[in-house]
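Residue-level listing of the chains:
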Amino acid sequence: MTVYHDAIEVQSKLTPTFHDVTEEAKAALERSGILNGILNVYSQHTTCSVMIQEEAHDENFLGIKTLMQDLLNIFEKVVPTCRTEGQYLHPGPK
């Protein structure tokens, strides 16, 4: 069985962000030369997740896809944006 490993680097901001890595994943698959198998995309970071999402063609006035804005609205209810020092216990002093 052939195994190929590649990495995609993305940089987030202090606020929740979304990165479409579809084209990078396709390019990695092309570089692998593998024609039949499974492509696994995952994140090694604890505060990042990989999700499969349908395309939303509409954007809000900030240029955020409306489907992603719906997710941001839910995140804001669950874990509100940090607005004051000490609101959250992480990252700690170490």
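Computed from a prediction, not measured in an experiment: that's the story for all the values here. (Residues numbered from 1 in each chain as written. Predicted model: local features only at pLDDT ≥ 70, side-chain atom pairs only at ≥ 80, totals over all residues. Heavy atoms only, no water.)

**Some words on the pattern of salt bridges**
Working definition: two side chains of opposite charge can pair if their charged atoms are close together.
Part 1 of the reasoning: In this structure the tally under the stated criterion is 2 salt bridges.
Part 2 of the reasoning: Of the charged contacts in the structure, one is a salt bridge between aspartate 6 and arginine 31, with a shortest N-O distance of 2.6 Å. In this pair, aspartate 6 is assigned in the segment before helix H1 (22-32) and arginine 31 in helix H1, connecting sequence segments 25 residues apart.
Part 3 of the reasoning: Across the pair glutamate 23 and lysine 26 runs a salt bridge, and its minimum N-O distance is 3.7 Å. Of this pair, glutamate 23 and lysine 26 both sit in helix H1, separated by 3 residues, roughly a single helical turn. (Salt bridge = Lys/Arg side-chain N within 4 Å of Asp/Glu carboxyl O. Helix = DSSP H or I, 4+ residues; strand = E, 2+ residues; numbered from the N terminus.)

**Things to note about the side chain of serine 32**
Part 1 of the reasoning: Along the chain, serine 32 turns up in helix H1.
Part 2 of the reasoning: Judged by relative accessible area, serine 32 falls into the buried class, the value being 18%.
Part 3 of the reasoning: Looking at serine 32, its side chain comes within polar contact range of the main-chain oxygen of leucine 29, at 2.6 Å.
Part 4 of the reasoning: Polar contacts involving the side chain of serine 32 include one to the main-chain amide nitrogen of isoleucine 34, which spans 3.1 Å. (Buried < 20%, exposed > 50% of the residue type's maximum accessible area, 1.4 Å probe, protein only. Polar contact = N/O pair within 3.5 Å; in protein donor to acceptor, adjacent residues only side chain to side chain.)

**Some thoughts on H1**
Part 1 of the reasoning: Of all the positions in H1, only Ala25, Ala28 and Ser32 are classed as buried. The buried residues of H1 occupy an angular sector of 60 degrees when projected down its axis, which confines them to one face. Turned more than 90 degrees from where H1 packs its buried face, Glu23, Lys26 and Glu30 sit exposed. (Arc of directions from axis to C-beta.)

**Description of the environment of isoleucine 38**
Part 1 of the reasoning: One can find isoleucine 38 in the loop between H1 and helix H2 (66-78).
Part 2 of the reasoning: The exposed category is assigned to isoleucine 38, whose relative accessible area is 84%.
Part 3 of the reasoning: Residues isoleucine 38 and valine 3, spaced 35 residues apart in sequence, show a C-alpha to C-alpha distance of 9.9 Å.

**As for the environment of alanine 56**
Part 1 of the reasoning: When you line up the elements, alanine 56 lands in the loop between H1 and H2.
Part 2 of the reasoning: Taking C-alpha positions, alanine 56 is 5.7 Å from leucine 67, a pair spaced 11 residues apart along the chain.
Part 3 of the reasoning: Once residues within four sequence positions are removed from consideration, alanine 56 is found in contact with Lys65, Thr66 and Leu67. (Contact = heavy atoms within 4.5 Å.)

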